[in-house]
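One-letter residues, chain by chain:
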Amino acid sequence: MIRSLAPAVRLAGLVLVCAWGTASHLFAQTLVPLEEFQANSPAPNNGEVWISQEPVGTTVVDPELTLSDYYASGPYCDPCGCEPWRQQWLPDGLIYRSYMAGPREPKMQLVHLEETSSGETLWDVILGGRRALWRNGTSNPMRPEGWELDIEGAAIIRLNLDHERDVDVSDFRFGVPLTYGCGQWQYKFGYYHLSSHLGDEWIVRTPGWERKNYVRDAIIFGASYNPTPAWRLYGETAYAFFTAGGAEPWEFQFGAEYAQPGVTGSRGTPFFATNGHLREEINFGGDYALQFGWLWRGESGSQFRAGFQWLTGHSNYYQFYDESEEQYGLGIWYDF
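Residues numbered from 1 in each chain as written. Predicted model: local features only at pLDDT ≥ 70, side-chain atom pairs only at ≥ 80, totals over all residues. Heavy atoms only, no water.

Things to note about a nonpolar patch on the surface
Phase 1: On the surface, a nonpolar cluster with roughly 1,100 Å² of combined accessible area is contributed by W185, Y187, F189, I219, F221, Y239, F241, F242, W250, F252 and F284.
Phase 2: Of all the secondary-structure elements, those providing two or more residues to the nonpolar patch are β6 (185-198), β7 (215-225), β8 (231-244) and β9 (250-259).
Phase 3: Mapped onto the fold, Y187 is located in strand β6.
Phase 4: Taking relative accessible area as the criterion, Y187 reaches 31% and is therefore assigned partly exposed. (Patch = residues over 30% accessible without salt bridge, like charges linked within 9 Å, V, L, I, M, F, W, Y side chains within 5 Å. Areas by Shrake-Rupley, 256 points an atom, 1.4 Å probe, with all protein chains shown as cover. Salt bridge = Lys/Arg side-chain N within 4 Å of Asp/Glu carboxyl O. Helix = DSSP H or I, 4+ residues; strand = E, 2+ residues; numbered from the N terminus. Buried < 20%, exposed > 50% of the residue type's maximum accessible area, 1.4 Å probe, protein only.)

What follows is the structure, encoded as structure tokens:
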């Protein structure tokens, strides 16, 4: 009985911690007397009077990276005029960043989860990354603009903790996206290859299971929009010109993310992310993921996160693409 309640207790504890952290973060920023804000404000510029958004005693790690990426003469650089464009090889930062709650994105991930239908304890691991090869645009790594060619890759692996950490399945992805960003909008167009492989330990443990030779070679198009500096909305579609092992051509992905922009320092900031994925091979059903927790971001724009994840729907491992799953757990992520 006590063991069966342990996952619920861990989940309740995480929700309370995240709720307390979010409330304290917002309370510190909103309930500061106006006199303290005004006392902390810099001298007016060109006759304008404005109030600092930082409470007294708060140190802005780098105000240029926090605000000037989004605000120039208006709420966004318009049109792409914040900095002259120039040719760059292997620049820092990314114009079109990976989706935080996307379960197949190139990033570093470890999620300790409970699978409710089978009762198994699993690790979902991603060993991957994404880097810019070339850019014709601005050089600020926090929020660059212009044209950019990237390279990405990831090994997406499931380990079974109930069976001596067996490798149940591993999917491999490689892609070359071309991206463009200006102001509030970013776009992605490119190619990716994905193949799915059943683990040797799973084959030995489940001799009657039939392996699927699941393969996709696809052309992808995505668009991302920032209605405010803290919010991101996105959607993408992909058409596979070569498929095997039960894969069908069309897929769609969409979601939303929230996190305060800029360098966070050691204090960090709360985040929220959600992602949906629909696939033709399961009659345009799919999976839905929800994440929330705490985030730390450095000057390169890369970020480390820790928090809670819940995923429901069809499995995001393509050897089991027609199987239903529901899982929840705690995770850490490093996003490029």
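Resuming the write-up.
Concerning the packing of aromatic side chains
Phase 1: Evaluation of the coordinates by the stated rule reveals 20 aromatic pairs.
Phase 2: Ring centres of Y214 and Y321 lie 5.6 Å apart, and the angle between their planes is 50 degrees; on these two criteria the pair is classed as tilted. On the criterion of sequence distance, the pair formed by Y214 in the loop between α4 (200-205) and β7 and Y321 in the loop between β12 (303-314) and β13 (324-335) is long-range, its members being 107 residues apart. Of the two residues, Y214 and Y321, both sit in the buried class.
Phase 3: Among the aromatic residues, those joined into a cluster by ring pairs are Y239, W250, F252 and F284.
Phase 4: Above the face of the W123 ring, R165 is positioned so that its terminal group lies 5.0 Å from the ring centre. (Phe/Tyr/Trp six-rings, centres within 6.5 Å; stacked < 30°, edge-to-face > 60°. Lys NZ or Arg CZ within 6 Å of the ring centre and 35° of its normal.)

Notes on the confidence of the model for the protein
A low pLDDT score tells you not to read the predicted coordinates there in detail.
Phase 1: Averaged over every residue, the pLDDT of the protein is 83; residues scoring 70 or more account for 76%.
Phase 2: The low-confidence segment residues 1-78, where pLDDT is below 50, has 79 contacts with residues more than four positions distant or belonging to other chains. (pLDDT = per-residue confidence, 0-100. Contact = heavy atoms within 4.5 Å.)

So, the nonpolar core
Phase 1: Formed by Y192, L194, Y214, A218, I220, A238, A240, A247, I282, Y318 and Y321, the largest nonpolar core amounts to 11 residues.
Phase 2: Counting residues per element, the ones that place at least two in this core are β6, β7 and β8.
Phase 3: The residues touching A218, leaving out its near neighbours within four places in the chain, are G190, Y191, Y192, A238, Y239, A240 and F241.
Phase 4: In this structure, A259, A273, L295 and W333 belong to the second largest nonpolar core, which totals 10 residues. (Core = buried A, V, L, I, M, F, W, Y, C linked by side-chain atoms within 4.5 Å.)

A closer look at the side chain of E325
Phase 1: Among the structural elements, E325 can be located in strand β13.
Phase 2: The class of E325 is buried, set by a relative accessible area of 10%.
Phase 3: In this structure the side chain of E325 is engaged in a polar contact, spanning 3.3 Å, whose partner is the side chain of S315.
Phase 4: Within polar-contact distance, the side chain of E325 engages the side chain of Q327 at 3.1 Å.
Phase 5: Ignoring any residue separated from it by four or fewer positions in sequence, one finds E325 in contact with E115, R158, L311, T312, G313 and S315. (Polar contact = N/O pair within 3.5 Å; in protein donor to acceptor, adjacent residues only side chain to side chain.)

Here's the deal with the environment of L178
Phase 1: Position of L178 among the secondary structure elements: in strand β5 (residues 166-182).
Phase 2: Here L178 falls in the partly exposed class, since its relative accessible area comes to 33%.
Phase 3: Here the alpha-carbon distance between L178 and F221, two residues 43 residues apart in the chain, equals 9.6 Å.
Phase 4: Beyond its immediate stretch of four places on either side in the chain, L178 contacts W147, E148, L149, Y187, K188, F189 and G190.

Thoughts on unusual backbone geometry
Phase 1: Within the chain, L90 stands out as a residue other than glycine whose phi angle is a positive 55 degrees.
Phase 2: Tracing the backbone through its elements, the reader meets L90 in the loop between β1 (86-89) and β2 (108-115).
Phase 3: Exposure remark for L90: the relative accessible area of 59% places this residue in the exposed category.
Phase 4: At N283, a residue that is not glycine, the phi angle is positive and equals roughly 55 degrees.

Quick word on the pairing of strand β4 (residues 146-160)
Phase 1: Within β4, 11 of the 15 residues are buried, leaving the element largely enclosed by the surrounding structure.
Phase 2: Where strand β3 (residues 120-137) meets β4, 15 bridges bridge the pair, whose relative direction is antiparallel. From the neighbouring strand, L127 faces β4, where its bridge partner is A155.
Phase 3: Across 13 bridges, the pairing between β4 and β5 is antiparallel. Pairing of W147 across the sheet is with Y180, part of β5. (Pairing = 2+ DSSP bridges.)

Overview of the pattern of salt bridges
Phase 1: Applying the stated rule across the entire model yields 16 salt bridges.
Phase 2: R130 is the salt-bridge partner of E152, the closest N and O atoms lying 3.9 Å from each other. In this pair, E152 is assigned in strand β4 and R130 in strand β3, connecting sequence segments 22 residues apart.
Phase 3: Since its relative accessible area comes to 7%, E152 is described here as buried.
Phase 4: The shortest N-O distance in the salt bridge between R205 and D166 comes to 2.9 Å. Of this pair, R205 sits in helix α4 while D166 sits in strand β5, and the two are 39 residues apart along the sequence.
Phase 5: Among the residues examined, D166 registers a relative accessible area of 13% and is labelled buried.
Phase 6: Overlapping salt bridges, with partners in common, bring together R104, R279, E281 and D287 in one network.

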